[in-house]
Amino acid sequence: MSIEDIKKIGIVGAGQMGNGIAHISALAGFDVYMMDLNESAVAAALETIDANMTRQVRKEKISAVDKDAALKRISTGTGYDGFADCDFAIEAATEDEQIKREILKELCAHIKPDTIIASNTSSISITRLGAKTDRPGKFVGMHFMNPVPAMELVEMIRGIATDENTFKTISALAVKLGKIPVSAEDFPAFIVNRILLPMINEAVYTLYEGVGSVLAIDTAMKLGTHHPMGPLELADFIGLDTCLSVMNVLHDGLADTKYRPCPLLVKYVEAGWLGRKTGRGFYDYSADQPVPTR
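Residues numbered from 1 in each chain as written. Predicted model: local features only at pLDDT ≥ 70, side-chain atom pairs only at ≥ 80, totals over all residues. Heavy atoms only, no water.

The condition that has to hold: UniProt positions are given in the numbering used here, feature names are shortened, and annotations may be inferred rather than shown by experiment.
Looking at an unreviewed UniProt entry, one finds the chain named 3-hydroxyacyl-CoA dehydrogenase and attributed to Varunaivibrio sulfuroxidans. Note on the chain: under the UniProt heading Sequence similarities (unreviewed entry), the record states "Belongs to the 3-hydroxyacyl-CoA dehydrogenase family."

And the structure:
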């Protein structure tokens, strides 16, 4: 399969990453099927895509005609039947290996024999996930950054069985979607999260040990290193459960104590304080302005 053969893209998951991938795929001229088992998640995703495209129109990044045409290219559903005519399918579900394995097994039963599959995993082994499909040669890692419409990078990861043609085709697809692909080896958390998440984890340790408050830590990193968001603010944006999942993958996969998740991060996740998506994490989002919780 070549890039010219990809006409329709299927996406499993309508969360932050899934709706972002649907957004850029539709704008790039592809037909899109976005699926989620949760009907309300699908409805919310369409509202998010509409709002984000409206913002792009307002900023004159796309035209109103582009927006209307793109929205018409997106179909949605809560079942796998919509993947039957997809040329490429990407799994963008929660960062849980068991859930991803179950999705991939179900997906393989509904797609064409030559359909390429990718996972948007931010940390899990592509080799291991690909081995659970009926087409490890046509399986690849395609890790988008969040928020997808705004971030330029896509990490491209080969599993040990990934065909070279598959890798080249999906790398070319990333370019067609307006992104810049960077090749990463299939090691835990790849490049970005291998560097970013230990930094966030260290920020949580800095809070845990009383070196600084939430506000002091975030302010110090924004003003001292010109990061656009402080590490704790960024953790809330990513989702503390996702941060913990990635740290666990690093800790388990590399067997190095420097990747041990901070106990405070574990406590926040146990409390259900997952960041922006639950309204509370290192900040409380119930008021107009976020308020530090420590």
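**Notes on the environment of Glu91**
So the rule is basically this: Put simply, DSSP H or I for four residues or longer makes a helix, DSSP E for two residues or longer makes a strand, and each gets a number counted from the N terminus. Partly exposed describes any residue whose relative accessible area lies between the buried limit of under 20% and the exposed limit of over 50%, with all areas from a 1.4 Å probe on protein chains only and scaled to the type maximum. Here, residues are in contact when the closest pair of their heavy atoms is within 4.5 Å. Here a polar contact means two N or O atoms within 3.5 Å. Within protein one must be a hydrogen donor candidate and the other an acceptor candidate, and residues neighboring in sequence count only if both atoms are side-chain atoms.
By the element assignment, Glu91 lies in strand S4 (residues 88-91). On the accessibility criterion, Glu91 (0% relative accessible area) is buried. Note: C-alpha distance between Glu91 and Ile238 (147 residues apart in sequence) is 18 Å. Dropping the residues within four chain positions of it, Glu91 is found in contact with Val12, Lys100, Ile103, Leu104, Ala118, Ser119 and Asn120. Here the side chain of Glu91 touches Ser119 through a polar contact of 2.6 Å, side chain to side chain.

**Side note on the pattern of salt bridges**
For clarity, the cut-off: We define a salt bridge as a contact between a side-chain nitrogen of Lys or Arg and a carboxyl oxygen of Asp or Glu at a distance within 4 Å.
Taken as a whole and judged by the stated rule, the model has 13 salt bridges. Asp134 is the partner of Arg135 in a salt bridge, and the nearest nitrogen-oxygen pair spans 2.7 Å. If you follow the salt bridges from partner to partner, you end up with Glu91, Glu95 and Lys100 in one network.

**Let's talk about the side chain of Ser122**
Mapped onto the elements of the fold, Ser122 is located in the loop between strand S5 (116-119) and helix H5 (126-131). With a relative accessible area of 8%, Ser122 lands in the buried category. Once residues within four sequence positions are removed from consideration, Ser122 is found in contact with Glu95, His143, Ala189, Phe190, Asn193 and Val246.

**Quick word on the nonpolar core**
Formally: As used in this record, nonpolar core signifies buried Ala, Val, Leu, Ile, Met, Phe, Trp, Tyr and Cys residues forming a set joined through side-chain atoms within 4.5 Å.
Residues Phe88, Met142, Phe144, Ile170 and Leu173 are the most contacted members of the largest nonpolar core, which totals 36 residues. In terms of residue count, helix H1 (residues 16-27) provides more of this core than any other element does, 5 residues in total. Setting aside chain neighbours within four positions, we find Leu173 in contact with Ile3, Ile6, Ile9, Phe30, Phe88 and Met142. In terms of nonpolar packing, the next biggest core, distinct from the first, is built from 27 residues, Val214, Leu244, Val246 and Tyr259 among them.

**A closer look at the domain arrangement of the chain**
To keep things clear, this is the line we draw: Either an automatic procedure or a domain database provided the assignment from which the domain bounds are taken. Defined in terms of a 1.4 Å probe, buried area is the accessible area two parts forfeit on being brought together, summed over both. Residues are grouped as follows: Ala, Val, Leu, Ile, Met, Phe, Trp, Tyr, Cys and Pro are nonpolar; Asp, Glu, Lys and Arg are charged; all remaining types, including Gly, are polar.
Entries for the chain in the domain assignment read domain 1 (3-185) and domain 2 (193-286). Relative to domain 2, the C-alpha centre of domain 1 lies at a distance of 27 Å. Around 580 Å² of area is buried between domain 1 and domain 2 when both sides are counted, 52% of it from carbon and sulfur atoms. Interface area lost by domain 1 to domain 2 is led by Glu95, Ser122 and Ser123, which between them contribute 54%. Taken together, domain 1 and domain 2 are joined by 2 residue pairs in polar contact (both at pLDDT 80 or more). Within the side of domain 1 that touches domain 2, the residues separate by chemical class into 2 nonpolar, 5 polar and 1 charged.

**A short note on helix H8 (residues 214-225)**
Inclusion rule: Each helix should span, by expectation, one fewer than its residue count multiplied by 1.5 Å. Arc definition: directions from the helix axis to the C-beta atoms.
For H8, which comprises 12 residues, the first-to-last C-alpha distance of 16 Å matches the rise-based estimate of 16 Å (1.5 Å per residue) to within 8%. Considered for burial, the residues of H8 that qualify are Val214, Ile217 and Asp218. Angularly, the buried residues of H8 cover 90° about the axis, an arc narrow enough to put them on a single face. In this structure, H8 carries Leu223 and Gly224 as exposed residues pointing more than 90 degrees from its buried face. His226 occupies a position one or two residues after H8 and carries a positive phi of about 60°.

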